[in-house]
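Letter by letter, the chains look like this.
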Amino acid sequence: MTLAPATVKATEVQLGDRLRARSGAELTVTRIDGEFMGRANMLAFVEDSGEQWFKMPALRDGDVELVRRENAVE
Amino acid sequence: MVVADGLSGIDGRRIDPAVLEGNAVLVVNVASQCGLTPQYEGLERLQERYGAAGFTVLGVPCNQFAGQEPGTPEEIQQFCSTTYGASFPLTEKLEVNGHHRHPLYERLTAVPDAEGRAGEVEWNFEKFLISPAGEIVARFRPQVEPEDDQVTRAIERVLP
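Residues numbered from 1 in each chain as written. Chains lettered and ligands numbered in written order. Predicted model: local features only at pLDDT ≥ 70, side-chain atom pairs only at ≥ 80, totals over all residues. Heavy atoms only, no water.

## Concerning the interface of chain B and chain A
Contacts between the two partners involve 16 residues from chain B, matched on the other side by 14 residues from chain A. Together chain B and chain A conceal approximately 1200 Å² of surface at their shared face, both sides included; 56% is due to carbon and sulfur atoms. On the surface where chain B and chain A come into contact, there are 1 salt bridge. Between R31 of chain A and E120 of chain B there is a salt bridge, with its nearest N and O atoms 2.9 Å apart. Where chain B packs against chain A, one counts 9 residue pairs in polar contact (both at pLDDT 80 or more). Broken down by class, the residue content of the side of chain B that touches chain A amounts to 6 nonpolar, 8 polar and 2 charged. (Contact = heavy atoms within 4.5 Å. Buried area = accessible area lost by both parts, 1.4 Å probe. Salt bridge = Lys/Arg side-chain N within 4 Å of Asp/Glu carboxyl O. Polar contact = N/O pair within 3.5 Å; in protein donor to acceptor, adjacent residues only side chain to side chain. Nonpolar A, V, L, I, M, F, W, Y, C, P; charged D, E, K, R; others polar.)

Below, the structure written as structure tokens:
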């Protein structure tokens, strides 16, 4: 099952989620760092795959654009 | 030489090893649309301050951090020269982390920072100082400004 594009809380992002950065670039989350550059109020979503390495930080209490979530329950 | 191996410039031509060999080199992954992009000003001042003494900044455009370096080589070059008057060389756009990381960054990221942390480049504007002999002597995280005392002291220690 796949979700249509939506906005979700950064803290609700799951491994495997497909996100879109403000630049328009997209990543499939394979790792979530609990802080960003020493800032505990931020998270960083990373895709570290054979396809690409890409990092996107977000405020912990902010929203991110979710492009796709596999295995979502309707 | 650790720096010049197989590197092309932003213009697509191979970087002349003579530009780098025998010099202290501060390698910095750069991006045009980052909150840290104004660090270009400090980098250019380092270039002006130490360039005649055997030092150069080497900018490495990279789009792996939130897609903040999306431009074409021409756009990146134009941005750097017109917005910041950057006179130091830029490489072609490279990957600094991950499976397709450039060999230069394989070597750079093996070096720890002052807190003993090696591994992935954390964000745009991480800095690595290479001595004229080709040894990677220091690593500074993105928050460390180019003209921070710890950077200038390290540069002055390795100038030829």
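## Digging into the nonpolar core
Counting 56 residues, the largest nonpolar core has V27, Y40, F55 and Y105 of chain B as its most contacted members. Per element, the largest residue contribution to this core is 6 residues, and it comes from strand β1 (residues 24-30) of chain B. With residues near it in sequence (within four places) discarded, Y40 of chain B still touches V30, A31, F79, C80, Y84, A86, F88, L90 and F125 of chain B. With 14 residues, the next largest nonpolar core counts L43, F45, M56 and A58 of chain A among its residues. (Core = buried A, V, L, I, M, F, W, Y, C linked by side-chain atoms within 4.5 Å. Buried < 20%, exposed > 50% of the residue type's maximum accessible area, 1.4 Å probe, protein only. Helix = DSSP H or I, 4+ residues; strand = E, 2+ residues; numbered from the N terminus.)

## Quick notes on the layout of surface pockets
For the largest pocket, the calculated volume is near 560 Å³. Together, 24 residues line the largest pocket, and R22, M56 and P57 of chain A together with A66 and Q68 of chain B are the ones closest to its centre. Residue assignment for the lining of the largest pocket shows that the elements contributing at least two residues are β6 (53-59) and β7 (63-68) of chain A. It is β6 of chain A that contributes the most residues to the lining of the largest pocket, 4 residues altogether. Of the volumes computed, that of the second largest pocket is approximately 390 Å³. Looking at the second largest pocket, it is lined by 23 residues, and the ones nearest its centre are D113, E115, R117, E122 and R141 of chain B. Sorting the residues of the lining of the second largest pocket by element identifies β4 (31-33) of chain A together with β4 (136-140) of chain B as the ones contributing at least two each. Its residues assigned to classes, the lining of the second largest pocket comprises 7 nonpolar, 5 polar and 11 charged. (1 Å grid on protein atoms, 1.4 Å probe; cavity = no way out; pocket = protein on both sides within 12 Å on 5 of 7 lines; lining within 4 Å. Points joined across faces, edges and corners; volume = space filled by probe spheres on them.)

## A few points about the pairing of strand β2 (residues 55-61) of chain B
For a regular strand, side chains alternate in direction, first toward one face of the sheet and then toward the other. All names here are of chain B. Counting buried positions over the 7 residues of β2 gives 7, a clear majority of the element. Burial along β2 is two-sided: F55, V57, G59 and P61 and T56, L58 and V60, pointing in opposite directions, are all buried. In the classification by handedness, the crossover that spans β1, the intervening helix α2 (residues 39-50) and the parallel β2 is right-handed. (Right-handed = clockwise from strand over helix to strand, strands pointing away.)

## Considering the packing of α2 of chain B against helix α3 (residues 73-84) of chain B
Packed helices, taken two at a time, are described by their axes: the angle between them and the distance between them. Residues and elements named next belong to chain B. Interhelical geometry of α2 versus α3 gives an angle of 80° and a closest axis separation of 10 Å. Relative to α3, α2 is oriented roughly perpendicular. Facing Y40, E41 and E44 of α2, the residues of α3 in contact are F79, C80 and Y84. For the contact of α2 with α3, the per-class residue count stands at 4 nonpolar, no polar and 2 charged. (Axes fitted to C-alpha atoms, helices over the stretch in contact; angles between N-to-C directions. Parallel < 35°, antiparallel > 145°, perpendicular 65-115°, else oblique.)

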